[in-house]
Amino acid sequence: MSPTAESDLLKTPLHALHVELGARMVPFAGYSMPVQYPAGLMAEHRHTRDAAGLFDVSHMGQLRLVGPDAARAFETLVPVDVAGLGVDKQRYGLLLTDEGTIIDDLMMVNRGSDLFVIVNGACKAGDIAHIQDRIGQRCQVIPMPERGLLALQGPKAVDALSRLVPGVEKLVFMTGGAFQWNGGNLYITRSGYTGEDGFEISVHDSQAQALARALLAQPEVKPVGLGARNSLRLEAGLCLYGNDIDTTTTPVEAALNWAIQKVRRTGGERAGGFPGADKVLAQLQDPAALQRKRVGLVALERIPVREHTELQDAGGRKVGVVTSGLLGPTIDKPVAMAYVDPQHAAIGTRLNAMVRGKPVAMEVSTMPFVPTRYHRG
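Residues numbered from 1 in each chain as written. Predicted model: local features only at pLDDT ≥ 70, side-chain atom pairs only at ≥ 80, totals over all residues. Heavy atoms only, no water.

1. Digging into the sheet that holds strand β11 (residues 176-181)
Then step 1. Reading across the sheet, the six strands line up as β11-β12-β13-β10-β4-β14 and stay open at both edges, with mixed pairing between neighbours. Bordering the open sheet on either side are β11 and β14 (221-223), each of which pairs with just one other strand. This sheet shows a mean twist of 25° between the axes of neighbouring strands, independent of strand direction.
Then step 2. Two strands pair when backbone bridges link them, and strand β12 (residues 184-189) and strand β13 (residues 198-204) are joined in this way by four bridges, in the antiparallel orientation. Looking across to β13, one finds that L186 is bridged to V203.
Then step 3. Helix α2 (residues 41-50) contacts β4 (52-56), β10 (147-153) and β14 of the sheet and is inclined by roughly 120° relative to β4.
Then step 4. The sheet strands contacting helix α5 (residues 157-164) are β4, β10, β11, β12, β13 and β14, and the helix crosses β13 at an angle near 35°. (Pairing = 2+ DSSP bridges. Helix = DSSP H or I, 4+ residues; strand = E, 2+ residues; numbered from the N terminus. Axes fitted to C-alpha atoms, helices over the stretch in contact; angles between N-to-C directions. Contact = heavy atoms within 4.5 Å.)

Written as structure tokens, this is what we have:
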């Protein structure tokens with residue numbers, strides 16, 4: 001990462017709190033963000049798996065799509081069933097280029113009065129411009145820079161949050177609702193990016209720090225930085241935009257077929273009609289035509305395998321490359337995600353990761369590496 005002057009970086013509404021808590025701040029997506037607190041990455045990771053971790057994700061982009069045609073308009077940009085999404089239901093989606101590759105991954109909620117969309121921090125300016133350019137004539141595209149976003153993740157997140165905001169315990173995974181706290185409006189979804197039960201809380205900037213302090217005052221909750229967020233999402237088998245998916249990868253190559261509902265597939269009621277549909281639908285129907293596929297890998301030795309590491313077959317031929325990798329604190333083994341050619345993508349296939357010129361034995365594994373614990377009711 002090129003050096004960025006601290007003064008050039010944007011600050012989230014929780015910046016002063018991070019500094020007060022002793023966070024190590026780093027440049028991320030144009031913001032000064034906490035990578036870890038004094039407890040350290042491993043302790044923060046384990047605390048999230050055991051209790052509840054509070055993450056500042058206010059660098060992410062929040063926007064509203066408003067108007068009677070908003071859902072159908074948004075369907076022209078994503079290979080996802082937006083029109084059939086029930087009120088207060090949330091769905092994962094992918095913004096695609098005209099070549100069928102991934103501009104960004106996102107979350108959307110049908111709030112009845114609008115479609116609430118959350119995009120990645122590093123991509124938000126481009127995403128919002130793209131959405132405005134493509135469908136701004138069919139619906140209002142309203143960015144919400146005045147709102148912060150907190151993620152409270154872990155098996156005890158519901159205990160901590162329901163004390164402050166009664167009623168959140170009634171939500172189930174991938175649903176949301178409007179709530180009040182201290183006279184301000186919150187929109188809370190039961191979702192997150194750690195593989196744990198938890199919540200994402202959209203809050204006005206003016207209340208974000210007070211809400212974060214109130215959550216940190218709960219006995220279950222500790223602050224968690226970007227370092228543990230990364231290790232948690234990798235153990236959960238979740239893609240990081242810029243590492244595991246980008247404008248060179250299609251949803252099918254990325255093994256995100258589950259994110260394309262039947263209604264948008266060949267033979268579906270609203271098949272196609274999204275950018276790159278011909279290519280994406282052809283790949284869905286004929287997986288044999290793929291040149292590469294995203295897989296999970298577990299190392300058979302205790303040597304972490306990092307992104308950009310080359311993967312070779314037993315004969316020393318390059319068959320893929322690692323896109324994310326680290327020592328998984330929960331599984332206590334080195335884990336990774338990679339793109340490999342399809343003939344080396346079967347579960348149990350042995351590959352060698354070339355770490356500093358030496359082969360590290362790895363095996364293609366199912367994902368997630370750690371079982372997810374979403375609250376489905």
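Still more to cover.
2. Brief notes about the packing of α2 against helix α7 (residues 226-235)
A pair of packed helices is captured by two measures, namely the crossing angle of their axes and the spacing between those axes.
Then step 1. Running from N to C, α2 and α7 cross one another at 55°; their axes reach a closest spacing of 8 Å. Classified by the angle between their axes, α2 and α7 sit oblique to one another. The way α2 lies across α7 gives a crossing that is right-handed. Taking contact as the criterion, the partners of L41, E44, H45, T48 and R49 in α2 are, on α7, G227, A228, S231, L232 and E235.
Then step 2. Across the contact of α2 with α7, the residue classes tally to three nonpolar, four polar and three charged. (Parallel < 35°, antiparallel > 145°, perpendicular 65-115°, else oblique. Left-handed = near helix turned anticlockwise from the far one by under 90°. Nonpolar A, V, L, I, M, F, W, Y, C, P; charged D, E, K, R; others polar.)

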